[in-house]
Amino acid sequence: IKGHPITYYNLKHMKVLFSSVLSKNRPLWNTCIRSQQLVNFSLRDIKTTTIMASEATESLEKLTIAEQPAVPVAAPEKNPHPSGLSFEERFDLVRSVAEECINDEDLKRLLANKPTIIAYDGFEPSGRMHIAQGVMKAINVNKLTRAGCNFKFWVADWFAQLNNKMGGDLKKIQTVGQYMVEVWKAVGMDLSKVEFLSSSEEINKRPDEYWTLVMDIARKNNLKRIVRCSQIMGRNETDELSAAQIFYPCMQCADIFFLKADICQLGMDQRKVNMLAREYCDDIKRKNKPVILSHRMMPGLLEGQEKMSKSDPNSAIFMEDSEADVNVKIKKAYCPPQVVEGNPCIEYVKYIVLPWFNKFEIKRNANNGGDKVYTDVEELVADFQSGSLHPGDLKPALAAHLNKILQPVRDHFERDANAKELLKKVRSYKTTR
């Protein structure tokens, strides 16, 4: 039919029609090929489709297939993503992990054009794992892998040694790294698209590639710019830094390119070194910059604590804390009536409980308003600010939900001999800043 006028409902629907109807009626197909004449197919879902040959050499013949069953017609779409999600759903899911994204347009381009996306996070094995690192990270990783990303965890043992964690004892640091992996396994992180890579092992496999990157980054930046990144190590620009700690930001920046990461999914406290990586792309004229997805830093449980601290056991819930530990810590947590700003209990509900359970249940007697289920944080905040939700009801409910999340972790470290031994060792280590 090439070269002849075509009246059609949709070209893709024509293909469906020809493959479905004509393949089942070989004589009809042969007739169409021979005659180049008017062919009219009557189907329930498609208006009359006419193919007219401008020059007919044989007698005009109309062929109608009214008795054929209707062919389902779908709107033309691009090939679906293996995740089963639409582009918009994938973008929304990935974007939801971050308090800040640099930047949305780069993220959209990445999702639209790259079939296999690599996201990464690096962590210093530096002591027991608190709930933000354990549960929030599991939530974020599961969202990213659900959207089709592969996730690489950079077990930064050399970095912890550079930063004097565990007194600089590399064997202790590596033991802590193994313990942290056990926590994520137990809490429910989907590990099907997750890799745990030891920095010391991976760098030693490709040292020429890694150290060339580190030296080039160091050469292209002045000392002042590198010192500005000291926050990534839990340090301040005014701290007296060792030469090793000066080297640390150059190495962390190199990690991003060494791991071929498309997305840096770390906390807001790592923002400066991730920005250094984007600036380095400008220096080397690289167009595709890593997208930065920075998650929120959770506050400590006590008044005035901007972030959790592993060195202060009262500032955070730890992943293998007992039920009694959790109850006591939440009971003591800063939670003044009708005050939302800087309230860690509200933050825990918003960023841990609601994303995990999709609801937050309050149990209370009828005189205090009766039981209530919250499914969005806005309603909870409004009730708390108005005084209709009191800390005396919020805190027990929060502790109950957290204990439910942590119970599988407790069970794992109690029943698994290897995990139990790792935890025993980690608890015996002194946490150093």
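Scroll up a little and you will see the structure.
Overview of the structure. Just so we're clear, the structure is a prediction, and the values are computed from it rather than from any experiment. (Residues numbered from 1 in each chain as written. Predicted model: local features only at pLDDT ≥ 70, side-chain atom pairs only at ≥ 80, totals over all residues. Heavy atoms only, no water.)

Regarding the overall build of the chain
To be explicit about the condition: Helical segments are the DSSP runs of H or I of at least four residues, strand segments are the runs of E of at least two, and each set is numbered from the N terminus. Working definition: with a 1.4 Å probe on protein chains only, accessible area under 20% of the residue-type maximum means buried, over 50% means exposed, and in between means partly exposed. Contacts are assigned to residue pairs with any non-hydrogen atoms lying within 4.5 Å of each other. For every accessible area listed, the method is Shrake-Rupley and the probe measures 1.4 Å; residues are considered covered only by the protein chains on display.
The helix and strand inventory of the chain stands at 17 helices and 11 strands. Scored against the burial criterion, the 433 residues of the chain give a buried share of 48%. Taking the contacts inside the chain whose residues are at least 6 apart along the sequence as the reference set, 72% of them involve residues at least 24 apart. Summing over all exposed atoms, the chain offers an accessible surface of approximately 22100 Å²; the carbon and sulfur share of this is 50%.

Quick word on the pairing of strand β6 (residues 149-155)
The criterion, for reference: When DSSP finds two or more bridges between two strands, those strands count as paired. Consider the strands pointing away from the viewer: the crossover is right-handed when the path from the first strand over the helix to the second runs clockwise.
Within β6, six of the seven residues are buried, which leaves the element mostly enclosed by the surrounding structure. Here strand β5 (residues 117-123) pairs with β6 via seven bridges, running parallel. Within the sheet, the bridge partner assigned to Phe 123 lies in β6 and is Val 155. Taken together, β5, helix α5 (residues 131-146) and β6 form a β-α-β motif whose crossover is right-handed. One ladder, built from five bridges, connects β6 with strand β7 (residues 194-198); its direction is parallel. Note that in β7 the partner of Phe 153 across the bridge is Phe 196.

Some details on unusual backbone geometry
A cis amide bond, omega -15 degrees, links Ile 102 with the succeeding residue Asn 103. Within the secondary structure layout, Asn 103 lies in the loop between β4 (100-102) and α4 (104-113). The phi dihedral of Asn 164 is positive, around 65 degrees, even though this residue is not glycine. On the basis of relative accessibility, which here comes to 44%, the residue Asn 164 falls in the partly exposed class.

Overview of the environment of Met 251
Secondary-structure assignment places Met 251 in helix α11 (residues 243-258). A relative accessible area of 3% places Met 251 in the buried class. Spatially, the C-alpha atoms of Met 251 and Val 214 are 5.5 Å apart, while their sequence positions differ by 37 residues. If we skip the residues at most four places from it in the chain, Met 251 touches Phe 159, Leu 162, Tyr 210, Trp 211 and Val 214.

A word on the packing of aromatic side chains
As a reminder, the rule being used: Here is the rule: rings of Phe, Tyr and Trp (six-membered ring for Trp) pair when centre to centre is within 6.5 Å. Planes less than 30 degrees apart are stacked, more than 60 are edge-to-face, and the remainder are tilted. Consider the ring centre and the ring normal. A charge sits over the ring if Lys NZ or Arg CZ is within 6 Å of that centre and within 35 degrees of that normal.
One pass over the structure, following the stated rule, counts 13 aromatic pairs. Relative to Phe 247, the ring of Trp 211 lies with its centre 6.4 Å away and its plane at 10 degrees, an arrangement referred to as stacked. With Trp 211 in helix α9 (residues 207-219) and Phe 247 in helix α11, this pair connects stretches of sequence that are 36 residues apart. Just above the ring of Phe 91 sits the side chain of Lys 108; from NZ or CZ to the centre is 5.2 Å. Stacked on the ring of Phe 258, the Lys or Arg Arg 206 has its end atom at 4.0 Å from the ring centre.

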